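# Geometric and topological summary
Now for the letters of each chain:
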Amino acid sequence: MTPAQLKQQRQEMARLYATPPGWGRLAAVNHSVIGLRFIVLSLVFFIIGGLLSMLIRAQLAIPGNQFLDHAAYNQIFTMHGTVMMFLFAIPLIEGLALYFIPKFLGARDLCFPRLSAFGFWCYLFGGSILLVAMFAGVAPDSGWFMYTPLSSGQYSPGINSDVWLIGITFVEVSAIAFAIELVATVLKVRSGGMSLNRMPLWGWYILITALMMVVGFPPLILGSVLLEIERAFSWPFFDAALGGDPLLWQHLFWLFGHPEVYIIFLPAAAAVSMMIPTFARRPIVGYHWIVAAIIATGFISFGLWVHHMFTVGIPHLALLFFSAASMFVAIPTAIQFFAWLATLWQGKPVPSLPMLYLFGFLFIFVCGGLTGVMLALVPFNWQAHDTYFVVAHLHYVLIGGFVFPLLAAAHYWLPLMSGKAASESMGKWAFWLIFIGFNATFLHMHLTGLVGMPRRIYTYPEGLGWEWLNLASSIGGFILTIGFAAFFLDLIVRLRAGGDSPRNPWAAGTLEWSLDHPPAPYNFTALPELTSREPLWDQDDVDDQIRKGEGYLPDTRRGWQETLGVHPVTGKPDQILILPGPSYLPLITAALLGVFFVGFLFGLYWLSALGAIAALGAALRWAWCNGLTRDFDDQDAGRGLSLPLAPQVHDAPGWWGMVVGLVVNGTFYITLLFGYLYLWAVAPAWPPEQFVESGRLAAVLAGLASLACSGGFHLAVRSNAAGHSPLPGLGLALLTGLVASLALAWQIAHDVASPTSHAYAAVTSFLLGYLAVHAFLSAVMAGFAALRWRHGYVSARRSLDLRVPRLWAAYTAAVTLVGLGLVQGLPSLLGSGG
Amino acid sequence: MALLVILTASACQGPVSALDPAGQGAADIAWITWVMIAGTLFFMALMTGLWLHAVYRRSDRPLKLSNTTVLVGGGLVLPLVVITLLLVYGIRSGHSMLPIGAPDLEIRVTAYQWFWEFEYSDDQGRSLTLVDELHLPLGQRIDFHIDTADVIHSFWIPALGGKMDAIPGRTNTLRLVPTRAGQFGGQCAEFCGARHAHMHFAVTVHEPEDFQRWLDTAFEDAP
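Just so it is clear, the structure is predicted and the values come from calculations on it, not from any experiment.

### Observations regarding the packing of helix H19 (residues 585-601) of chain A against helix H20 (residues 605-624) of chain A
All names here are of chain A. One can describe the packing of H19 onto H20 by two numbers: an axis separation of 7 Å at closest approach and a directional angle of 160°. Considering their axes alone, H19 and H20 lie roughly antiparallel with respect to each other. Where H19 crosses over H20, the handedness of that crossing is left-handed. The residues of H20 that touch H19, namely those facing Leu585, Pro586, Ile588, Thr589, Leu592, Leu593, Val595, Phe596, Gly599 and Phe600, are Tyr605, Leu607, Ser608, Gly611, Ala612, Ala614, Ala615, Ala618, Ala619, Arg621 and Trp622. Split into classes, the residues belonging to the contact of H19 with H20 amount to 16 nonpolar, four polar and one charged.

Here it is in structure tokens:
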């Protein structure tokens, strides 16, 4: 292309990918815009959480302080934990990943841009519920861990606990959306030649993090849903007097809660793994070791949740398993540290401001990791659990392992993100204030715990030897706050008045530094073919490929926003994705979902029902926008390659999205079965007065109907592939889906005792209700697919509209058979003996 | 430095300090605490030193050790050895604190929002209930059977040993063996609502004969 053509091409692309001005900003879907919104909002919450911690430190500075009463203090410490974990840390890593992943992997956007926009609105609305409640003085006050029965209706009758359960569940919708988005994107949407083996480590870290969210968040969501139902309708899932068990909540919470720590740590470690090679001037040592360590962390982190429950009376032998797992998780972390050290040793390290912050990370996080090993030792835990030792430990882990790497990352990537040059002096001042302030707050806090100060007390008497320890922590806390203020001030000054940064100021090797500073909304003018992990160090042609349009997909035919889809392992291009443009649908869907949640919050269940139906309608309208109404031949993708369009390919991103979504759903279901069996085996006040002993006929009917529904979709896919109408198959699926959901609803009404009578009836009703909703949605999808076919979105080559719901129906059939087998089979197997 | 040591040592004293033990379990745990703190300081110094050396070293010579040696040695062998030693110790030490073998004294503990009830009884059918006040005999194995009337609480006397939660629908048992007579403090360690901060109780450890005398009098006076 000539320079003039290139210039015109870039202008055309900028126009295509632009976010509309004015109110149109509400329709934004571009990943850079959405990523930045996540980042900015999470920083706002960080400041709010930080101010809350200042109130805590002010109250605890002296014994017997009258500054706050217990009602205020309990809300403040609950909100501090909740805000920092759910509204700051998780959304910040989401924002960074949304912003950076396409830039690291060589893509123009994520594969579902509207889904991440939807996620942002859910985050904003859910977070707002909590904030509004706080300013109204009815913030949650049962601790960020919400242990039952303190958080249940009897002991927390106010709206406070509902605010937590509903607000946080709303925010978790965005975490699930993020997880699905990122798994599908990292696996499918990269530049040509970026095999898994050439993927920057950040990609690996985010892939594993997203997979951990896929498995880690459903237990929390299930727990929150069950607890909210218990509070709203008196279904006694956690009530020991009626066959429930408060410990079930603790299992569900920590089944999420511990992996959560690694969900936060891994993306920060990802930033470290990207920065260290740049400053060591050499590729990372032990790339494959690190990948193995990330995967090992992912697995082990799901085997140690019970170390939060060493004092609840679980048999000692069982504790040892979790004690060992909690210590062994240190090994993959140690591997990463020694890989970073070896990289620095083998290279020629350049001291710099980000490296200074990384030193802070090393010092503080190593301390937090080691005190974590201490806490994993069962007898020590019996003393230290729920004391200020744990408060100190967790701040060393989270501020050391999460905040410090991201402060380094902010200085490192700001020239890329803003186009402004880095400055040194103010950043150094901020570092020392934060570093000294942090240690002055938390180092001796270990001792505060060991000399007996328990957590979550709003005041303490004189004479226990805690006075100067607390005063020192409060003073340190204010130094820490000044340090953060200096950091933010430095950033603002730089963004407003900083000089322009040269391109790639750190001379890094990874792809993102080839972009404009700041990057154009489409990132890459053309997508490069990659042959190295550090293309900017090893590939002379990469700049020409990107900037001179010599790479893939350099043009804007038909006004399509295109990016490459690749084979997940080899990175060989196998399809062209057409990205959607700006849309108000994500906002509308999230707002309608908000109606559902707010209705529930105020007990207006009719409003909730309306909101849910409207949100489903909006989601279907949204799904209608995708796809093509005619078949296309393979399209020129540049570099002599012709590729099919995604809607005509077997494993299009939409198909991957449904697969990952079903893994989320399946984890939710398995956790539910765990709860069902756990209550049966462990809870006091069993067996119930009556088991499900009737309704075999309805159960058999529901099972057969769900199988037939799945078969109907199968039939539709096969006749469509053969060029025939899919309507008979879809008709069968529609009909049998409805039959199955009605049979299941009938069972709940006729064969299960009142769900308020006993946890058994409650959990059985919930299980059958889950199955009924799934069968009903299968029927809706069948009707939707038939409409899509009528309007020409489906052909023998464009079968995604049939194959995606087929996955759902098959999943539904499987969970229905397992669920009904348990409900009908277990009572006769175990019940009479119990 | 000496001042710091003295300051730290005096800071560890106190009626509710886990580092000023007056019971078998607490003494064991305090000992392993100091060992682990020493280990933590050693590894922090090691890692910090390695990092500073790697970043600020003068010479440009790369490391003589191979990368695999560093990764296997530092990332696998070192933590594996330390963790295994720690686990073996932890298993033995934790086991010795379990309520195994007959106790010399049993006390029923019931937690309420926001106070404690302690119930003593003997084989003659006499019984006695105290609120927020606990008397214990020196050197005897005491089993606490811990229950709650409402939400979750946690029974904790730091000077004597570890804590144990009070969970609705369950009775948990905690064994403590006091080894020093005197006045100590206990408190609720699980957040239990509005007045959690005020849910503490007084503990007096008596010589065995003093304890028996106190108990007999208390049974007599009990309504």
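This is not the end of the story, as more comes after the structure.
### Side note on the state of the cysteines
All names here are of chain B. One pass over the full model with this rule turns up zero disulfides over all chains. Cysteine Cys192 shares no disulfide, and the gap to the nearest cysteine sulfur, in Cys188, comes to 3.9 Å. For Cys192, a relative accessible area of 0% corresponds to the buried category.

### Remarks on the interface of chain B and chain A
With 79 residues of chain B at the interface, the matching set in chain A holds 84 residues. Between chain B and chain A, the buried area comes to about 7200 Å², and carbon and sulfur atoms account for 75% of it. For chain B, the biggest contributors to the area lost against chain A are Trp51, Leu71 and Phe191 of chain B; these three give 12% of the whole. Scanning the region where chain B abuts chain A turns up one salt bridge. Here Arg170 of chain B ties to Asp245 of chain A by a salt bridge, and the two come within 3.0 Å at their closest N and O atoms.

### Brief notes about the sheet that holds strand S6 (residues 153-156) of chain B
Residues and elements named next belong to chain B. Reading across the sheet, the five strands line up as S4-S10-S9-S6-S7 and stay open at both edges, with mixed pairing between neighbours. The open sheet has two free edges, formed respectively by strand S4 (133-137) and strand S7 (164-166), since each of these has just one partner strand. Taken pair by pair, the neighbouring strands of this sheet meet at an average axis angle of 25°, ignoring direction. Looking at chain direction, S6 and strand S9 (residues 182-188) are connected through two bridges and run antiparallel. Opposite Phe155, over in S9, you have Cys188 as the bridge partner. Most of the contacts of helix H4 (residues 208-221) go to S4, to which it runs at about 135°, and overall it touches S4 and strand S10 (200-206).

### A word on unusual backbone geometry
The amide bond that connects Trp686 of chain A to the next residue, Pro687 of chain A, takes the cis arrangement and shows omega of -5°. Its place among the elements puts Pro687 of chain A in the loop between helix H21 (653-682) and helix H22 (696-721). For the bond running from Gln113 of chain B to Trp114 of chain B, omega is 5°, close enough to zero to count as cis. The phi angle at Leu553 of chain A is positive, at roughly 50°, despite the residue not being glycine. Here Leu553 of chain A lies in the loop between helix H18 (542-547) and strand S1 (561-566).

### A few points about helix H3 (residues 67-96) of chain B
Taking 1.5 Å per residue, 30 residues should reach 44 Å; H3 of chain B reaches 43 Å between its end C-alpha atoms and fits that length. A maximum bend of about 35° is found in H3 of chain B at Gly73 of chain B. All of the buried residues in H3 of chain B are Val70, Leu71, Gly74, Gly75, Pro79, Ile83, Leu86, Leu87, Gly90, Ser93 and Gly94 of chain B. Buried residues along H3 of chain B sit in contact with helix H8 (287-300), helix H9 (316-328), helix H10 (330-346), helix H11 (353-376) and helix H12 (378-384) of chain A together with helix H2 (24-56) of chain B.

### Some details on the domain arrangement of chain B
Interface extent is often summarised as the accessible area lost during association of the parts. Residue and element names in this part refer to chain B. The assigned domain composition of chain B is domain 1 (18-96) and domain 2 (105-221). Between domain 1 and domain 2, the C-alpha centre-to-centre distance is 37 Å. Each partner contributes residues to the interface: domain 1 has nine residues there, and domain 2 has 10 residues. Of the roughly 680 Å² buried between domain 1 and domain 2, counting both surfaces, carbon and sulfur atoms make up 51%. Three residues, Ala18, Ala22 and Gln24, lead the burial of domain 1 against domain 2; their summed loss comes to 58% of the area buried on that side. Between the two partners, domain 1 and domain 2, sit one salt bridge. Asp20 is the partner of Arg180 in a salt bridge, and the nearest nitrogen-oxygen pair spans 3.3 Å. The interface formed by domain 1 and domain 2 contains nine residue pairs in polar contact (both at pLDDT 80 or more). Class assignment for the residues of the side of domain 1 that touches domain 2 results in five nonpolar, three polar and one charged.

### Examining the packing of aromatic side chains
Residue and element names in this part refer to chain A. Evaluated as defined, the whole model comprises 96 aromatic pairs over all chains. Here the aromatic rings of Tyr357 and Phe431 are separated by 5.1 Å at their centres, their planes lie at 80°, and the arrangement is edge-to-face. Here Tyr357, found in helix H11, pairs with Phe431, found in helix H14 (residues 425-442); they are 74 residues apart in sequence, far enough to count as distant. Of the residues examined, Phe431 reaches a relative accessible area of 0% and is grouped as buried. Centroid distance Phe359 to Phe435: 6.2 Å. Interplanar angle 40°. Geometry classified as tilted. Placement of Phe359 in helix H11 and of Phe435 in helix H14 is noted, with a sequence separation of 76 residues between them. Accessibility assignment for this pair places Phe359 and Phe435 in one class, buried. The ring of Trp560 carries the charged tip of Arg558 above its face, separated from the ring centre by 4.7 Å. Seen from the ring of Tyr552, Arg639 lies directly overhead, with NZ or CZ sitting 5.7 Å from the centre.

What counts and what doesn't
Residues numbered from 1 in each chain as written. Chains lettered and ligands numbered in written order. Predicted model: local features only at pLDDT ≥ 70, side-chain atom pairs only at ≥ 80, totals over all residues. Heavy atoms only, no water. Axes fitted to C-alpha atoms, helices over the stretch in contact; angles between N-to-C directions. Helix = DSSP H or I, 4+ residues; strand = E, 2+ residues; numbered from the N terminus. Parallel < 35°, antiparallel > 145°, perpendicular 65-115°, else oblique. Left-handed = near helix turned anticlockwise from the far one by under 90°. Contact = heavy atoms within 4.5 Å. Nonpolar A, V, L, I, M, F, W, Y, C, P; charged D, E, K, R; others polar. Disulfide = S-S within 2.5 Å. Buried < 20%, exposed > 50% of the residue type's maximum accessible area, 1.4 Å probe, protein only. Buried area = accessible area lost by both parts, 1.4 Å probe. Salt bridge = Lys/Arg side-chain N within 4 Å of Asp/Glu carboxyl O. Pairing = 2+ DSSP bridges. Expected span 1.5 Å × (residues − 1). Bend = angle between axes of the 7 residues up to and from the residue. Domains from an automatic or database assignment. Polar contact = N/O pair within 3.5 Å; in protein donor to acceptor, adjacent residues only side chain to side chain. Phe/Tyr/Trp six-rings, centres within 6.5 Å; stacked < 30°, edge-to-face > 60°. Lys NZ or Arg CZ within 6 Å of the ring centre and 35° of its normal.

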